[in-house]
Every structure is written in structure tokens, then in C-alpha cells.
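Structure at a glance
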Amino acid sequence: MKWARSISVIVLGLGICGAAEPKKPNVVVFLVDDLGYMDIGANNPDCFYETPNVDHLAKSGMRFTDGYAANPVCSPTRFSLMTGRYPTRVRATNFFSGDRSGKFNPAPLVDNMPLDEVTIAQTLKSAGYATFFAGKWHLGETEEYYPQNRGFDVNIGGYHRGGPYTGKRYFPPFKNPQMEDKPGDKHLPDRLADETVAFIEASKGKPFFAYLSFYSVHTPLMGRPDLVKKYKAKAKKITGQEFGKEEQVFGKKERKVREIQKHAVYAAMVEAMDEAVGKVLGHLEEAGLADNTIVMFTSDNGGLSTSEGSPTSNLPLRGGKGWIYEGGIREPWIVRYPGVTKAGAVSGENICSIDLFPTLAAAAGAQVEHEIDGVDLMPALKGEPLEGRALFWHYPHYSNQGGIPGGAIRVGDFKLVERYEDGRVHLYNLKDDIEEQNDLAAKHPERVSQMRARLHEWYKSVDAQFLQQKKDGPKPWSP
């Protein structure tokens, strides 16, 4: 790819000129499970949850208003963050192993990150980095797929489960098979932050890559008692209709979506996550490392708003986790890149989880010679446009949260949604209609035709799979 070749030219050029090799930047990535776009104060001035540390990070770096996950559920997005590639390329298109059927059977699912995929951890390790993972992995069933075998020197707590489902869950003893319980353990987010700080301290003198992948704020909904008490008192002051109607694609029960943020337990989970982020960021400052550390903060899918307790509201974004509407795929995205991003900068460029890999590889001066889908975000981080950008989504499944099987393409301000059961399409201008309520497809047939053709070409390029016919049932639509 063009950007990969340009990296090698720069590195070789430095050698020819005899200039000293620049110091490699350290990297810290915060990935929060199921955190919605509207769940942080930096994105939502009226946010019920208090996130001072994340908000401070946004003020010290660049906040993206139009940053996305590659998929509306966890495992596929985690694949994209690790590889820089769309998960559709390997049929890893649902959480591992989600096989719910509806009117039709779902598309075939690969429920691991194939062993021949090159991860960002392997790439940075080859460039001389110490590598560390803590928290949720959910990218393969057995140990050969775990972080310690995918480029990470250290793995604390990452294995095949999609949530903290062992021991006392978010509280000790955790009984996580990849994390030994310790005396003094109090709360899972705090333990993961402590492990991250310890790794950073032990890596002084060598560039490091720390990937803190919180189990928070995924179910089970469990909060620290002191914070739950705080938010119960705060919630008493909030009135209004808590739930509204949303589309339902399986079953006959009416689907409800949360419209007001006031869930005390969820709020406690968000704040505890924020405290853990603050602990790591504080250590970077105290250790004198902040000025040479790239920090990224994002989530793997939208906030949980339509099932499993429906703890958060993503409004004005439609839907939530499990939906290809904006509430399911638009994420908090913050990047602080010392010497590149300006404090308090805000970007409206369309970026995605596939972009983490190439951006960090370029920052490390690492060679990337295999095919990837993401782009180096350096232009956007400098305040420049990403020319000709299109983003794609492919979710040929019935989500646990009621979301439609479908695909989407975003080009500029416009987003086209295609339904996989019957092939219907919808067109939205997200600049004017972030709520995705005003379907413009009938008014702009030429734009629909162009965007749909581009989406279908992408399907072919990634070998996209679609809904399957049930025995003796009707045939589903296919492109």
C-alpha cells in the first residue's frame, strides 16, 4: 500500500542522511467494552455519567465526532483493531460465537482471529516495542488464539469469554484463568489499571505498547456500592419518559429503547472505568512519559440500549449495540499524539477502528507489507482531510439486541443502509439528520444507485457472506 511504502522511504532516508533515529513514541490504547458515544461528557454536555479523566484527555488531544467501530458488536471490531482489516474478510462478522436465527439463518461465522493474521502487537514488537494486554480479548476459543500468542509479551485477563463471568465477576476473587487473584484486589477496572501501570514502570528505557481493554461496561451490570449510592441519589432528580419504541426483527414482543440516561449501576461502572483511565494517565504524567506517549481511547460498539437491562441511552443516535444505525457503530474516539494533535482539537473526519493499526505502525516506523483496509490518520490528526474516504459495514446476523441484518456505506455526510432480509435501502444525510429518521432514498435515486454500487463492489472485494435459507423456508435476498 502507498502509505506502507512511504514509511520505508522515510526510514531509509534517515539512514542515508546519517541523522539520528527519532525516539519511538510509546503507545497506550484504552478500549472500553460497550461504551456508547453519548456516555462521556466530552461528547455529551448533559451526560448523566461523570467522566472527568476521559474528558481531560479530550481537552489535551483530538476528539473525533465521527469515529466508528467496524461492526455493531464486539469480536469483529476487536479483530479490526488488532489487524487493520475488515472482519468480513475472514467471515468474523458476529460476536464469537453468535448464531441466532430469525426469518432466515445467519451467514456462516468464523469464531476466531485466524492465526495467520498479523496483529498490531506483532508489528510493534518487531519494531522493538515491549507489548502488554489487559482485560477482555474474545478473539478465539483456545489458548493459541490468546494475546500471549498473538504478539503480546504479557496477558492479564484476556481469554475467550466476552465478559467477566467467573468468580464474583467485577469483584474479587475474579477466578479469571489468565489473571491470578491477588491479596488487596478490590475492583476489576482498578486491578487492570494497576497492572498497566506496573508494566509501564517496568518498561522504562524501551518503547512500550500497552493495550488496556476493559471488561467494563459490559454486562453483568454491577457497580461499586459507593458509586451506585451516589448515582441513585442523582437519578432521583431526573424525570421524563425512560423508554420509547424501536424496530424489532425477531419475535413478536415490542422492542423498547432507552431514551434517558439514569441507570445508577451503569453510571457507577462508567465512573469506575474513568477512574482507572485516570490512574494510567496520571502515572504517565508522574513518570515523565506523557510527552512521548500516544494515547487512544475508543469503544468496540455502541451503548447497550435495547436489551439486557437497556442501561444507557444513545440519543440522538438511533439504536445501540447490535444495530447498524449510528447508535450501534458511532463511538467515542480520542487521540492524543504529542507534537501532532493540538489540545482541544475536534475533527469531523470519518475514521474507523480499522485505522488504529496503520496509524500506530506508521508512528513506530514499522514496515507493513500485507493488505490492510485502514489508513494512517496522520492527516486528520494534523487537522487535514482524509480525501475520498468511504467506510463500510456488514452485519449478516440477527443481533441479541434486536438489530437488523444489514450493511451500510458512509461517504461524506451520506449513509446508505441496506437490509439483508429483503434488500430495501435507506439514505440518510447525517449532517442534517443524525437521528436517521428522514429517509432520502426516494428523493435521491442517483446517489442511492452510486452508493449501492460501491457497497456491492466492496461486498465482492471482501467475499461477503449473506443470510441463509432455512430448510423449506423462503430464500433471502442477496446482492
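Coordinates for the structure precede this section.
Definitions and limits used
- Residues numbered from 1 in each chain as written.
- Predicted model: local features only at pLDDT ≥ 70, side-chain atom pairs only at ≥ 80, totals over all residues.
- Heavy atoms only, no water.
- Helix = DSSP H or I, 4+ residues; strand = E, 2+ residues; numbered from the N terminus.
- Rg over C-alpha atoms; globule rule 2.2 N^0.38 Å.
- Buried < 20%, exposed > 50% of the residue type's maximum accessible area, 1.4 Å probe, protein only.
- Contact = heavy atoms within 4.5 Å.
- Areas by Shrake-Rupley, 256 points an atom, 1.4 Å probe, with all protein chains shown as cover.
- Lys, Arg positive; Asp, Glu negative; His and termini not counted.
- Charge placed at Lys NZ, Arg CZ, Asp CG, Glu CD.
- Polar contact = N/O pair within 3.5 Å; in protein donor to acceptor, adjacent residues only side chain to side chain.
- Core = buried A, V, L, I, M, F, W, Y, C linked by side-chain atoms within 4.5 Å.
- Phe/Tyr/Trp six-rings, centres within 6.5 Å; stacked < 30°, edge-to-face > 60°.
- Lys NZ or Arg CZ within 6 Å of the ring centre and 35° of its normal.
- Pairing = 2+ DSSP bridges.
- Axes fitted to C-alpha atoms, helices over the stretch in contact; angles between N-to-C directions.
- Parallel < 35°, antiparallel > 145°, perpendicular 65-115°, else oblique.
- Left-handed = near helix turned anticlockwise from the far one by under 90°.
- Nonpolar A, V, L, I, M, F, W, Y, C, P; charged D, E, K, R; others polar.

1. Section: the overall build of the protein
A tally of regular secondary structure across the protein gives 11 helices and 15 strands. On C-alpha atoms alone, the protein measures out to a radius of gyration of 22 Å, which is about the 23 Å that the 2.2 N^0.38 rule sets for 479 residues. When each of the 479 residues of the protein is scored for burial, the buried share is 61%. Taking contacts inside the protein between residues at least 6 apart in sequence as the whole, the part at least 24 apart equals 70%. Here the protein displays about 18700 Å² of accessible surface, and carbon together with sulfur accounts for 50% of that area. The distance from the centre of the 59 positive side-chain charges to the centre of the 60 negative ones in the protein is 3 Å.

2. Quick look at the side chain of Thr293
In this structure, Thr293 sits in strand β8 (residues 293–299). Judged by relative accessible area, which is 0%, Thr293 ranks as buried. A polar contact is formed between the side chain of Thr293 and the backbone oxygen of Leu289, at a distance of 2.7 Å.

3. As for the nonpolar core
Nonpolar side chains in soluble globular proteins generally cluster together in the buried interior. One finds Val28, Phe30, Leu35, Leu284 and Phe297 to be the most contacted residues of the largest nonpolar core, which totals 51 residues. Here the element with the most residues in this core is helix α7 (residues 264–286); it accounts for 11 residues. Ignoring anything within four residues of it in the chain, the contact list for Leu35 reads Ile40, Val217, Tyr266, Val270, Met273, Phe297, Ser299, Asn301, Gly302, Gly303, Glu331 and Pro332. Grouped together as the second largest cluster of nonpolar side chains are 44 residues, Val29, Val90, Ile372 and Leu386 included.

4. Things to note about the packing of aromatic side chains
For the coordinates displayed, the defined rule picks out 23 aromatic pairs. Both rings, one in Phe152 and one in Phe209, keep their centres 5.9 Å apart while their planes meet at 25°; by these two values the pair is stacked. Of this pair, Phe152 sits in the loop between β3 (130–135) and β4 (154–156) while Phe209 sits in strand β5 (residues 208–214); the two residues are 57 residues apart in sequence, bridging distant segments of the chain. Neither residue differs from the other here; Phe152 and Phe209 are each classed as buried. Ring geometry for Phe199 versus Phe208: centroids 6.2 Å apart, planes at 85°, classification edge-to-face. Chaining the aromatic ring pairs together yields one cluster made of Tyr86, Phe392, Tyr420, Trp458, Tyr459, Phe466 and Trp477. Its guanidinium or amino end placed over the ring of Tyr325, Arg318 lies 4.0 Å from that ring's centre, counting from NZ or CZ. Its guanidinium or amino end placed over the ring of Phe414, Arg447 lies 3.8 Å from that ring's centre, counting from NZ or CZ.

5. Some details on the pairing of strand β9 (residues 330–336)
By the criterion of burial, β9 is predominantly enclosed, with 7 of the 7 residues buried. Pairing between strand β2 (residues 62–68) and β9: 5 bridges, direction antiparallel. Bridge pairing links Gly67 to Glu331 in β9. Where β8 and β9 come together, 4 bridges link them in antiparallel fashion. Counterpart to Thr298 in the pairing with β9 is Trp333.

6. A closer look at the environment of Lys475
Along the chain, the position of Lys475 falls in the segment after α11 (445–461). Taking the C-alpha atoms as reference, Lys475 lies 51 Å from Tyr129; in sequence the two are 346 residues apart.

7. Observations regarding the packing of helix α6 (residues 225–235) against α7
Remark: α6 packs on α7, axes separated minimally by 8 Å, with the N-to-C direction vectors making an angle of 125°. In terms of orientation, α6 and α7 fall into the oblique class. Read as a crossing pair, α6 and α7 show a hand that is right-handed. Every residue of α7 that contacts α6 at Leu227, Val228, Lys230, Tyr231 and Lys232 is listed here: Ala264, Val265, Ala267, Ala268, Glu271, Ala272 and Glu275. When the residues that make up the contact of α6 with α7 are grouped by side-chain class, the tally is 8 nonpolar, no polar and 4 charged.

8. Side note on the side chain of Asp300
Relative to the elements of secondary structure, Asp300 occurs in the loop between β8 and α8 (326–329). Of the residues examined, Asp300 reaches a relative accessible area of 0% and is grouped as buried. At a separation of 2.9 Å, a polar atom in the side chain of Asp300 contacts the main-chain amide nitrogen of Asp34. Separated by 3.0 Å, the side chains of Asp300 and Arg78 make a polar contact. In contact with Asp300, not counting residues within four places along its chain, are Leu31, Val32, Asp33, Asp34, Ala69, Asn71, Val73, Cys74, Thr77, Arg78 and Glu331.

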